[in-house]
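Fold and geometry: a report
Now for the letters of each chain:
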Amino acid sequence: MPDKSDDILTLLPSRLKEARRAKGLSLEAVSHLSGVSRSMVSQIERGESSPTIATLWNLTRALQVDFAGLLDSGEKKNRIEVLRAGDVPTIDNMGQGCRIRILSPPEDAGGHEVYDIEFDAGGTLDSQPHGRGTAEHVTVLEGDISVSSGSAHMRLHAGDTARYAADIPHKITAPDRAARVFLIVKNG
């Protein structure tokens with residue numbers, strides 16, 4: 001199994017050089033902007049020297065490039081991640097008469113969350129307030145739902161979308177028949 005640190009050290013020189021050239025900067029200019037000597041910048045770009053984290057940080061700041069992106073092997077750009085229907089995680093202990101499928105990746109939890117929710121007739125997802133500034137966006141895919149946010153109430157039909165505060169008590173209900181919604185939670 002290849003060592004990831006070796007992969008990074010192999011990619012780093014060319015990535016730094018590409019970033020410097022993309023900005024139209026000379027070795028001297030990068031040295032001046034970063035505080036790293038011209039000879040050290042040159043050695044790093046040729047793969048003759050491995051920079052410390054502090055040196056690398058100074059170089060990425062001077063080149064105005066993302067530190068993590070510079071070290072990314074690019075594997076994510078050339079692939080498609082698939083989560084098959086049977087492997088989608090679910091939340092089974094929330095709501096009544098509803099099945100919640102988590103569509104967003106785990107690393108998005110607490111940021112921008114995406115859910116597919118199926119309601120039985122009369123099913124309800126009654127939620128306590130989320131963090132300050134949190135909002136929800138719900139789109140009805142099938143059936144009809146009722147949405148409440150605080151004292152506001154609205155009835156939605158297939159194709160309708162509602163946006164509402166979720167940092168107060170809020171509820172989604174399928175009052176008459178089965179329904180399915182696409183829910184986005186944008187944490188504040």
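As a starting point, this report considers the structure included with it. (Residues numbered from 1 in each chain as written. Predicted model: local features only at pLDDT ≥ 70, side-chain atom pairs only at ≥ 80, totals over all residues. Heavy atoms only, no water.)

**Things to note about the nonpolar core**
Selection criterion: Among buried residues, those of type Ala, Val, Leu, Ile, Met, Phe, Trp, Tyr and Cys that are joined through side-chain atoms within 4.5 Å constitute a nonpolar core. Throughout, exposure labels follow a simple rule: accessible area from a 1.4 Å probe, protein chains only, divided by the maximum for the residue type, with under 20% read as buried, over 50% as exposed, and the rest as partly exposed. The way it works is that DSSP assigns letters per residue, a run of H or I at least four long becomes a helix, a run of E at least two long becomes a strand, and they are numbered from the N terminus. Residues count as neighbours in contact if any of their non-hydrogen atoms are within 4.5 Å of one another.
Core analysis: the biggest nonpolar cluster contains 20 residues, and Ile117, Phe119, Val138, Ile145 and Leu183 have the highest contact counts within it. Only strand 2 (96-102), strand 3 (112-127), strand 4 (135-142), strand 5 (144-149), strand 7 (161-165) and strand 9 (179-186) provide two or more residues apiece to this core. For Leu183, the contacting residues outside a window of four places in its chain are Glu113, Val114, Tyr115, Ile117, Glu136, His137, Val138, Tyr164 and Ile172. With 11 residues, the next largest nonpolar core counts Leu27, Val36, Val41 and Leu63 among its residues.

**Let's talk about the packing of helix 2 (residues 27-34) against helix 3 (residues 38-45)**
The criterion, for reference: The axes are straight lines fitted to the C-alpha atoms, using for helices just the contacting stretch, and the angles between their N-to-C directions are given from 0 to 180°. Relative orientations are named as follows: roughly parallel for angles under 35 degrees, roughly antiparallel for angles over 145 degrees, roughly perpendicular for angles from 65 to 115 degrees, and oblique for any other angle. Here a crossing is called left-handed whenever its near helix is offset anticlockwise from the far helix by less than a right angle, and right-handed whenever the offset is clockwise. All residues other than Ala, Val, Leu, Ile, Met, Phe, Trp, Tyr, Cys, Pro, Asp, Glu, Lys and Arg, Gly among them, are scored as polar; the first ten of these are nonpolar and the last four charged.
Interaxial distance between helix 2 and helix 3 falls to 8 Å at its minimum, and their mutual angle equals 115°. Comparing the axis directions of helix 2 and helix 3 gives the class roughly perpendicular. Regarding helix 2 and helix 3, the two cross each other, and that crossing is right-handed. Residues Leu27, Glu28, Val30 and Ser31 of helix 2 pack against Arg38, Val41, Ser42 and Glu45 of helix 3. The residue makeup of the contact of helix 2 with helix 3, split by class, is 3 nonpolar, 2 polar and 3 charged.

**Focus: the pattern of salt bridges**
Any two side chains of opposite charge can pair if their charged atoms end up close together. Heads up, the condition is: One speaks of a salt bridge when a side-chain nitrogen belonging to Lys or Arg is within 4 Å of a carboxyl oxygen belonging to Asp or Glu.
For the coordinates displayed, the defined rule picks out 10 salt bridges. A salt bridge links Arg20 to Glu45; its shortest N-O distance comes to 2.6 Å. With a gap of 25 residues between them, Arg20 in helix 1 (residues 4-22) and Glu45 in helix 3 connect regions that are remote in the sequence. Like Arg20, the residue Glu45 is buried in the burial classification. In this structure, Arg38 and Glu28 form a salt bridge, with 3.9 Å as the shortest nitrogen-oxygen distance. Placement of the pair is Arg38 in helix 3 and Glu28 in helix 2, with a sequence separation of 10 residues. Judged by relative accessible area, Glu28 falls into the partly exposed class, the value being 49%. By sharing partners, the salt bridges in this structure join Asp144, Arg155, Asp176 and Arg177 into a single network.

Any functional reading would require information that these geometric values do not contain.
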